[in-house]
Amino acid sequence: MATRTKSSSTSKKVHQTLAEVVNSSGNANSIQPATGKLGIMIVGMGAVATTFVAGVEAIRKGLAEPIGSLTQMGTIRVGKRTDGTSPKINEFVSLAGLNDLVFTGWDLFEDDMYTAASKAGVLDQRLLDKIKPFLSKIKPQKAVFDRNYVKMLDGPNVKKGKNKMDLAEQLREDIRQFKKKSGAKRLVTIWCGSTEIFLKPSKVHDSIEAFEEGLRKSDKNIAPSMIYAYASLMEGVPFANGAPNLTVDLPVMLQLSKQNNAPICGKDFKTGQTLMKTILAPGFKARLLGVSGWYSTNILGNRDGEVLNDPGSFKTKRPRKSRS
């Protein structure tokens, strides 16, 4: 009982402090509580996406702890911390609870999430088998895909359209249908797809009008990831880019984000070797430890490694690794 009482007391103090912070800013309506279901729409249902979704379900069923989750395990300092407590981030900020998350996705392969997760081999198969009924129900919708942008992959589960605008409209309809069927009040799109070939900003990216004309003409400077971003932002859905693609680093995406009040973010998840380099390299430098070379390999053996065998895709990835 003592533990529950302390937790309740801490939570009450946290929300009181948050209210004071909001009121002091003079903009009390700027922070709205997270209510209802949050729909997570994932582009690319491979190793990263299936590990994320399987992990959420395992935690919800009490089969695992949220190890590695900043929002679920991270804490934040409140005031002078005179009472010796540091509330968790998800207590301080109004975030959707794990039980409120619902999922869908797109992929050029037809594997459901259980099959895809089993092939990825990231999580223990015994754990996956315990949540198989949930994962098996999440089947990928047909993807917007073009081998000109990811040359090392090909699959059957791909949308067809008369031009890129037609493909964007199909994605927008997917988004509307998922929101309706899932009962989600809010949505977010996450790019977990492959690294596309290296592209530079061009005139088609300068404005919404130019971009939409480019979609109608199937401009070669508009990659599939940009079509997903456009479709999401046009539906008022935030878009997070988990690859080093050009995708949202464009004037048109900034305009769409502002116009439709839909945030954009991301430039590679750094979940693997890039993350390790980011952690270790500064330490080596600070201790003046010379490194004669750094050998990188995709030990997971998933499709990301296969995609990066193409020089065009690796050219997009290389700057991120070089700065790490």
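Anything mentioned here points back to the structure above.
Residue positions are given per chain, counted from 1 along the sequence in the order it is written. Two thresholds apply to this predicted model, a pLDDT of at least 70 for residue-level local features and 80 or more for giving and counting side-chain atom pairs, whereas whole-chain, interface and lining totals are computed over all residues. Side-chain metrics rest on all non-hydrogen atoms present in the structure, leaving aside hydrogens and water.

Caption draft 1: A look at the sheet that holds strand S3 (residues 184–191). Only strands that DSSP links by at least two bridges are regarded as paired with each other. Only DSSP runs of H or I reaching four residues or more are called helices, and only runs of E reaching two or more are called strands; each is numbered from the N terminus. The sheet built from five strands is open, its strands ordered S2-S1-S3-S4-S5 with parallel pairing. Single-partner strands in this sheet number two, and they are strand S2 (101–106) and strand S5 (264–265). Bridge analysis of S3 against strand S4 (residues 239–241) gives three bridges, and the strand direction is parallel. When the sheet's bridge partners are listed, Trp191 is paired in S4 with Asn241. Note on contacts: a residue pair is in contact if any heavy atoms of the two residues lie within 4.5 Å. Lines fitted to the C-alpha atoms define the axes, with helices restricted to the stretch that makes contact. Angles between their N-to-C directions range from 0 to 180 degrees. Lying over the sheet, helix H8 (residues 164–182) contacts strand S1 (37–43), S2 and S3, oriented at roughly 155 degrees with respect to S2. Docked against the sheet, helix H10 (residues 224–234) engages S1, S2, S3, S4 and S5, running at close to 155 degrees with respect to S4.

Caption draft 2: Representation of the pattern of salt bridges within the structure. Any Lys or Arg side-chain nitrogen found within 4 Å of a carboxyl oxygen on Asp or Glu counts as a salt bridge. Evaluation of the coordinates by the stated rule reveals 12 salt bridges. Glu235 is the salt-bridge partner of Arg172, the closest N and O atoms lying 2.7 Å from each other. Placement of Arg172 in helix H8 and of Glu235 in the loop between H10 and S4 is noted, with a sequence separation of 63 residues between them. Here's how the labels work: a residue is buried when its accessible area is under 20% of the maximum for its type, exposed when over 50%, partly exposed in between, all with a 1.4 Å probe on protein chains only. Judged by relative accessible area, which is 13%, Arg172 ranks as buried.

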